[in-house]
Amino acid sequence: MPNELFGQYVPSSNDITLAKLNELLTGKQHNTKCDGCLIEILGIRFKCDTCHNYNLCSKCMQQRVTSKKHQNTHPLVVASNKSLLKININDILKGEVLGHGAFGQVYKAIWLSKNREVACKVIEVTAHRRHLEDSFRKELNAYAELSGAYILKTFGYGERLMANGIKECYLITEFMHRGSLSNVIHCGNEKTSLRRKLTMACHVVSGMRKLHAHTMIHRDIRPDNILVSNNYTAKIGDMGIAHVFNPEIKHTLMGCLPFMPPEFHR
């Protein structure tokens, strides 16, 4: 089965090498400085998967440079020069509505050029709801910063200006066949065993650990925002109000009251 590397297909995983990455990213600008040598990164950018917003150039990575709180034991991820892929929305064929809320609707869709089943979140931004675009941008930034087994995989985004002045913002993510955790617990035809519930709880905790390691807080963790795959892997989604935590400032009280952590009630 072919593998995909920054939007390009490679025949097998054996072809995904450092040399291949150098070939793909030679001369690429990231508008990001290396936290080791403090020089603008060209070519490959290595992003720490533990530290928040910590980047190294190829030279500093090979020299195993450490600074700030970064340690040599932290895993590094190769990042392209684009945060997320911008997808032509005409390449997305929307189907049935999977859910809706204050921020928009989610559709089951097909990514035509990839022949891939995806989920498509659509947010309509009107003159009176400009804040929804800010929320959309925050969600894009959160997904671009984070990746992991228990964070919803995001393929890209799209935008379209309608004739009536409404702007449609699209977020394209992996399709989770069993829907939300709420749906699995309350609406599923089969009974969910205690072992399976505990396993999914561990998935959520692992995802939250990744967020917190990047000094991010989700602020809306609840069963509706946990998505479940066919094999009962639970992943954290809906990053619309997630942001970087700063202990020195007062944080706005927001989220769903029954699922807020105890410190908010104090």
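Bear in mind the structure is a predicted one, so any value in this text is a computation, not a measurement.

Chemist: Quick question: what am I supposed to make of the sheet that holds strand β6 (residues 55-57) here?
Modeler: In any sheet, the strands associate via hydrogen bonds between backbone groups, in a parallel or an antiparallel arrangement. The strand order β6-β5-β7 describes an open sheet built from three strands, whose pairing is antiparallel. The two strands at the open ends of the sheet, each matched to only one other strand, are β6 and β7 (76-79). On average, each strand axis in the sheet is tilted by 35 degrees relative to the strand beside it, whichever way the strands run. Two elements, strand β5 (residues 45-48) and β7, share four bridges in a ladder whose sense is antiparallel. Of the residues in β7, the one forming a bridge with Arg 45 is Ala 79.

Chemist: Looking at this structure, how should I read helix α1 (residues 18-25)?
Modeler: Among all positions in α1, only Leu 21, Leu 24 and Leu 25 are buried. Buried residues in α1, looked at end-on, bunch into an arc of 80 degrees, giving them a common side. Pointing more than 90 degrees away from the buried face of α1 are the exposed residues Ala 19 and Glu 23. Gly 27 sits one or two residues past α1 and shows a positive phi near 75 degrees.

Chemist: Explain helix α5 (residues 194-213) to me, please; I cannot follow it from the model alone.
Modeler: One full turn of an α-helix is made of 3.6 residues, so residues set three or four places apart face in the same direction. Between its first and last C-alpha, α5 extends 28 Å over 20 residues, near the 28 Å set by a 1.5 Å rise per residue. Among the residues of α5, those classed as buried are Met 200, His 203, Val 204, Gly 207, Met 208, Lys 210 and Leu 211. Buried residues along α5 cover an arc of 155 degrees about the axis, so they all sit on one side. Opposite its buried face, α5 presents the exposed residues Leu 194, Arg 195, Val 205 and Arg 209, each directed more than 90 degrees away. Of the residues trailing α5, Thr 215 is marked for its positive phi of about 55 degrees.

Chemist: How should the pattern of salt bridges be read in this particular structure?
Modeler: Opposite charge on two side chains allows them to pair when their charged atoms are near. Applying the stated criterion to the full structure yields eight salt bridges. The partner of Lys 68 in a salt bridge is Asp 35, with the nearest N and O atoms 2.8 Å apart. Residue Lys 68 is found in the loop between α2 (58-62) and β7, and its partner Asp 35 is found in the loop between β3 (29-33) and β4 (40-42); the two are separated by 33 residues along the sequence. Among the residues examined, Lys 68 registers a relative accessible area of 69% and is labelled exposed. Judged by relative accessible area, Asp 35 falls into the buried class, the value being 13%. For Glu 159, the salt bridge goes to Lys 167, with nearest N and O atoms at 3.6 Å. The partly exposed category is assigned to Glu 159, whose relative accessible area is 24%. Linked through salt bridges whose partners overlap, the residues forming this network are Lys 86, Glu 133, Glu 159 and Lys 167.

Chemist: Whenever I open this one, the packing of aromatic side chains confuses me. Can you help?
Modeler: Considering all chains together, one arrives at one aromatic pair under this definition. Considering the side-chain rings of Trp 111 and Phe 155, the 5.8 Å spacing of their centres and the 50 degrees angle between planes classify their relative orientation as tilted. Of this pair, Trp 111 sits in strand β10 (residues 104-111) while Phe 155 is found in strand β12 (residues 154-161), placing the two residues 44 residues apart along the sequence. For the pair formed by Trp 111 and Phe 155, the shared burial category is buried. The cationic tip of Lys 114 hangs over the ring face of Trp 111; the distance from NZ or CZ to the ring centre is 5.5 Å. Lying across the ring of Phe 155, Arg 116 places its NZ or CZ 4.8 Å from the centre.

Analysis parameters
- Residues numbered from 1 in each chain as written.
- Predicted model: local features only at pLDDT ≥ 70, side-chain atom pairs only at ≥ 80, totals over all residues.
- Heavy atoms only, no water.
- Pairing = 2+ DSSP bridges.
- Helix = DSSP H or I, 4+ residues; strand = E, 2+ residues; numbered from the N terminus.
- Axes fitted to C-alpha atoms, helices over the stretch in contact; angles between N-to-C directions.
- Buried < 20%, exposed > 50% of the residue type's maximum accessible area, 1.4 Å probe, protein only.
- Arc of directions from axis to C-beta.
- Expected span 1.5 Å × (residues − 1).
- Salt bridge = Lys/Arg side-chain N within 4 Å of Asp/Glu carboxyl O.
- Phe/Tyr/Trp six-rings, centres within 6.5 Å; stacked < 30°, edge-to-face > 60°.
- Lys NZ or Arg CZ within 6 Å of the ring centre and 35° of its normal.

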